[in-house]
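Structural characterization, general
Listed below are the residues making up each chain.
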Amino acid sequence: MAIPKFAEIKQYIIACIESGEWEENARVPSENQLAELFTCSRMTARRALTELTDNGVLERSQGLGTFVAGRKSQSSMLAIRNIADEIKDRGHGYSVQQLLLQQVNASAAIAIALEVDLDSPIFHSILVHCEQGLPLQVEERYVNPVLVPDYLLQDFSLQTPHEYLSQVAPLTEAHHTIEAVIANSELQQRLAIPATEPCLQILRRTWSRQGVVSFARLVHPGSRFKLGGHLTFSK
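As a starting point, this report considers the structure included with it. (Residues numbered from 1 in each chain as written. Predicted model: local features only at pLDDT ≥ 70, side-chain atom pairs only at ≥ 80, totals over all residues. Heavy atoms only, no water.)

1. Looking at the nonpolar core
- The biggest cluster of nonpolar side chains holds 20 residues, and the ones touching the most others in it are Ile9, Ile13, Ile17, Trp22, Leu34 and Leu58.
- Within the residue set of this core, elements represented by two or more residues are α1 (5-18), α2 (31-37) and α3 (42-54).
- Top contributing element to this core by residue count: α1, with 7 residues.
- Dropping the residues within four chain positions of it, Leu34 is found in contact with Ile9, Tyr12, Ile13, Pro29, Cys40, Ala45 and Leu49.
- Listed in part, the 12 residues of the second largest apolar core include Ala106, Ala113, Val116 and Ile122. (Core = buried A, V, L, I, M, F, W, Y, C linked by side-chain atoms within 4.5 Å. Buried < 20%, exposed > 50% of the residue type's maximum accessible area, 1.4 Å probe, protein only. Helix = DSSP H or I, 4+ residues; strand = E, 2+ residues; numbered from the N terminus. Contact = heavy atoms within 4.5 Å.)

Spelled out as structure tokens, the structure:
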């Protein structure tokens, strides 16, 4: 399956950075240069540069060009960590309930998120991660089978999907959307919360060098979960 041109450009840029060919603060090719190199439109090249800039991989300076971002400035308000490790680091007990692990056909929304064809086969899992026996997160995940063909063969009581995906398709970038939501009756039951309790929902797309690996919806009960972060600003 051919990957979109903008994704191919992003993979090329990331590979040049990871190999050390392009060091911090190095100027990357312009939109016109990338469009010529990959035989695509300038708009396609611009999308690749924009998405990498939004994810902190690149920095754009008006009138000067686009540069490799300094690694120290790429810290995120939302670190991507293995939830089992987070719970254990607090000295608490971790457990998981695997509710679903199957192959399904991609709906329009999921096909767009995974950058696959409509109705193509994808993998779908639902797990409930618990801390001290209480549900802390419902993880609903859709996975690209081309990049992770053995996903359905895994036992996620032994390692989380995040752990497994990090091994077989190492993360190169991610995109998050965070919002407050009211859980439907199914989520209320899975999280063991009353109908009036608000939840925090994180939508997360993750990429490896080969393309989009997974799209996940992570829902947490508001009374048991909070987000935090630390930013350091240079003088």
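2. What to know about the pairing of strand β4 (residues 121-131)
- Of all 11 residues that make up β4, 10 are buried, and the element is covered over most of its length.
- The sheet contact formed by strand β3 (residues 94-105) and β4 spans 11 bridges and is antiparallel. Each residue of the ladder has a partner; that of Ser95, found in β4, is Cys130.
- Two strands pair when backbone bridges link them, and β4 and strand β5 (residues 134-143) are joined in this way by 9 bridges, in the antiparallel orientation. From the neighbouring strand, Leu127 faces β5, where its bridge partner is Glu139.
- As consecutive antiparallel partners, β4 and β5 are separated by 2 residues, and within that stretch Gln132 has a phi angle of approximately 55 degrees, a positive value. (Pairing = 2+ DSSP bridges.)

3. Section: α3
- In this model, α3 (13 residues) spans 18 Å end to end at C-alpha, consistent with the 18 Å of a helix rising 1.5 Å per residue.
- When we look at burial in α3, the residues that qualify are Ala45, Ala48, Leu49, Glu51 and Leu52. Down the axis of α3, the sector holding all buried residues measures 165 degrees, keeping them to one side. Across from the buried face of α3, at angles greater than 90 degrees, the exposed residues are Met43 and Asp54.
- Looking at the packing, one finds that the buried side of α3 touches α1, α2, β1 (58-61), β2 (65-68) and β6 (173-182). (Expected span 1.5 Å × (residues − 1). Arc of directions from axis to C-beta.)

4. Let's talk about the pattern of salt bridges
- Under the criterion given, the structure shown has 10 salt bridges.
- Between Glu139 and Arg141 there is a salt bridge; the shortest N-O distance is 2.8 Å. Of the two residues, Glu139 and Arg141, both sit in the buried class.
- Between Arg217 and Glu140 there is a salt bridge, and its shortest N-O distance comes to 3.4 Å. In this pair, Arg217 is assigned in strand β8 (residues 211-221) and Glu140 in strand β5, connecting sequence segments 77 residues apart.
- You can call Arg217 partly exposed: its relative accessible area is 27%.
- One salt-bridge network, held together by shared partners, links Lys10, Arg47, Glu51 and Glu173. (Salt bridge = Lys/Arg side-chain N within 4 Å of Asp/Glu carboxyl O.)

Take it as geometry only, folks, not as evidence of what the structure does.
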